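Close look at the chain arrangement
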Amino acid sequence: MTNAQATDKHPGELADVPGWFPALDQMLFTWFLERQQKQGTRGDLLEIGVYLGKSAILLGHHLQPGETFTVCDLFEGDAPDGANQAEAAKSYSSLTRQAFERNYLSFHDTLPTVIAAPSSVVPAKVAPGTCRFVHIDASHLYEHVHGDIGAAHDILRPDGIVVLDDFRSEHTPGVSVAAWEAVLNRGLRPVCLSTQKLYGTWGDPEPLQEDLLRMLRQRTDVGLSVQEAAGHRLIRTRSRGIKPPPFPTSRHYVAPVPVQAPATEVAQARAARPARPAPSRTRRIVRDLLPPVVTRAVRRARARRS
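Residues numbered from 1 in each chain as written. Predicted model: local features only at pLDDT ≥ 70, side-chain atom pairs only at ≥ 80, totals over all residues. Heavy atoms only, no water.

**Digging into the packing of aromatic side chains**
- This model, assessed by the stated rule, comprises eleven aromatic pairs.
- Plain terms: the ring middles of W20 and Y51 are 4.9 Å apart, the flat faces sit at 35° to each other, and that makes the pair tilted. You can see W20 sitting in the segment before α1 (23-38) and its partner Y51 sitting in the loop between β1 (44-48) and α2 (54-61), a full 31 residues away along the chain.
- Residue classification places W20 among the partly exposed residues on the basis of a relative accessible area of 23%.
- When its relative accessible area of 7% is taken as the criterion, Y51 is described as buried.
- Both rings, one in F29 and one in Y199, keep their centres 6.1 Å apart while their planes meet at 85°; by these two values the pair is edge-to-face. Of this pair, F29 sits in helix α1 while Y199 sits in strand β7 (residues 197-201); the two residues are 170 residues apart in sequence, bridging distant segments of the chain. Y199 shares its class with F29; the two are buried.
- An aromatic cluster is built from F21, F29, W31, F32, F133 and Y199, whose rings are joined through pairwise contacts. (Phe/Tyr/Trp six-rings, centres within 6.5 Å; stacked < 30°, edge-to-face > 60°. Helix = DSSP H or I, 4+ residues; strand = E, 2+ residues; numbered from the N terminus. Buried < 20%, exposed > 50% of the residue type's maximum accessible area, 1.4 Å probe, protein only.)

Following this line, the structure appears as structure tokens:
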């Protein structure tokens, strides 16, 4: 992962918000959240690590009446230890709370509940068993991810979804260790894997997986494979040119001005060519009286002279 550049401009579309949120994961987030809504599943939303708000903006769009959306990030605050401080300075130097709030409010009328602090304070701020969806995308250090996964376990409803970012990236081995440790030793059940994220639950994954497989098998823009490992069914997904799902534009969106397609060279040449004058009365009489062979010969002679 490289450091995405912040912008001082109000975003017009979700794609204008800097951050790492591939189209495949935008589709999967949307599918899980819409499935919960269709099934009448209620509960709050939580995101740990927001950067400039790209995934938070999508999550907030799926907030139902009476639910609470909470986000947690250090923003400009001090990290809890030296390793985390170095990580934040390297990858998130452009992150400010002001930039996050500007981006979020471009798409929503009100802000989520913002916790500007280390993720270790989340259990004291979010009640146990209240959330239906938790996205963890904060520190990549093993100790912090281990703690974030434990917090998600306690905060989620029994059938809730947790999403772990960067579980397989080369530069984030701490996330990989914490994620697979949770699968092998802490009861986390994988639902599916994308190129970047692990989607899991501490509930029964089978109904989710069956519905997900039915949806994915109808798409040609998502690569799909199913494997078994350590007693877990792993649904692997990858992009095959997938486009992000439709998402509302922001209050600052300006539609592009249509550009008229340029005329072809042939059309331009024809338009610039002066109209041929109508033949005189005498020429018309001669043309009508002469045999066709003579008329063609006269035309050829005129063409050679021109």
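**Looking at the pairing of β1**
- Burial analysis of β1 places five of its five residues in the buried class, the great majority of the element.
- Because side chains alternate across β1, one face comprises the buried residues D44, L46 and I48, and the other comprises L45 and E47, equally buried.
- In terms of strand pairing, β1 meets strand β2 (residues 69-73) through four bridges, oriented parallel. Pairing of L45 across the sheet is with F69, part of β2. (Pairing = 2+ DSSP bridges.)

**What to know about the nonpolar core**
- Among the nonpolar cores identified, the biggest contains 42 residues, and M27, L28, F29, F32, F100, F133 and L212 are the most heavily contacted of them.
- For this core, the elements supplying multiple residues, two or more each, are α1, α2, β2, α4 (97-107), β5 (156-165), β6 (189-193) and α8 (206-216).
- Ranked by residues supplied to this core, first place goes to α1 with eight residues.
- Other than its neighbours up to four places away in sequence, F32 contacts F133, I161, V191, C192, Y199, L208 and L212.
- Judged by nonpolar contacts, the second largest core, of 29 residues, contains I115, A117, V126 and L188. (Core = buried A, V, L, I, M, F, W, Y, C linked by side-chain atoms within 4.5 Å. Contact = heavy atoms within 4.5 Å.)

**Quick word on α8**
- Within the sequence span of α8, burial applies to L208, Q209, L212, L213, M215 and L216. Around the axis of α8, the buried residues are gathered within 160° of arc, so they sit on the same side.
- Elements that come into contact with the buried residues of α8 comprise α1, β5, β6, β7, β8 (222-229) and β9 (232-239). (Arc of directions from axis to C-beta.)

**What to know about the confidence of the model for the chain**
- Confidence in the prediction for the chain averages 87 pLDDT; 77% of positions are at 70 or higher.
- Across residues 84-92, confidence stays below pLDDT 50; counting only partners more than four residues off in sequence or on other chains, it has 21 contacts. (pLDDT = per-residue confidence, 0-100.)

**Overview of the packing of α1 against α8**
- At a minimum axis separation of 12 Å, α1 and α8 run at an interaxial angle of 125°. Relative to α8, the element α1 lies oblique. When the axes of α1 and α8 are compared, the crossing they make is right-handed. Contacts between α1 and α8 pair M27, L28, W31, F32 and R35 from the former with P207, L208, D211, L212, M215 and L216 from the latter.
- Partitioning the contact of α1 with α8 into residue classes produces nine nonpolar, no polar and two charged. (Axes fitted to C-alpha atoms, helices over the stretch in contact; angles between N-to-C directions. Parallel < 35°, antiparallel > 145°, perpendicular 65-115°, else oblique. Left-handed = near helix turned anticlockwise from the far one by under 90°. Nonpolar A, V, L, I, M, F, W, Y, C, P; charged D, E, K, R; others polar.)

**Description of a positive patch on the surface**
- Residues R168, R236, R238 and R240 make up a contiguous surface patch of positive charge.
- With respect to the helices and strands, the residue R240 is situated in the loop between β9 and α9 (265-272).
- What makes R240 exposed here is its relative accessible area of 52%. (Patch = residues over 30% accessible without salt bridge, like charges linked within 9 Å, V, L, I, M, F, W, Y side chains within 5 Å. Areas by Shrake-Rupley, 256 points an atom, 1.4 Å probe, with all protein chains shown as cover. Salt bridge = Lys/Arg side-chain N within 4 Å of Asp/Glu carboxyl O. Lys, Arg positive; Asp, Glu negative; His and termini not counted. Charge placed at Lys NZ, Arg CZ, Asp CG, Glu CD.)

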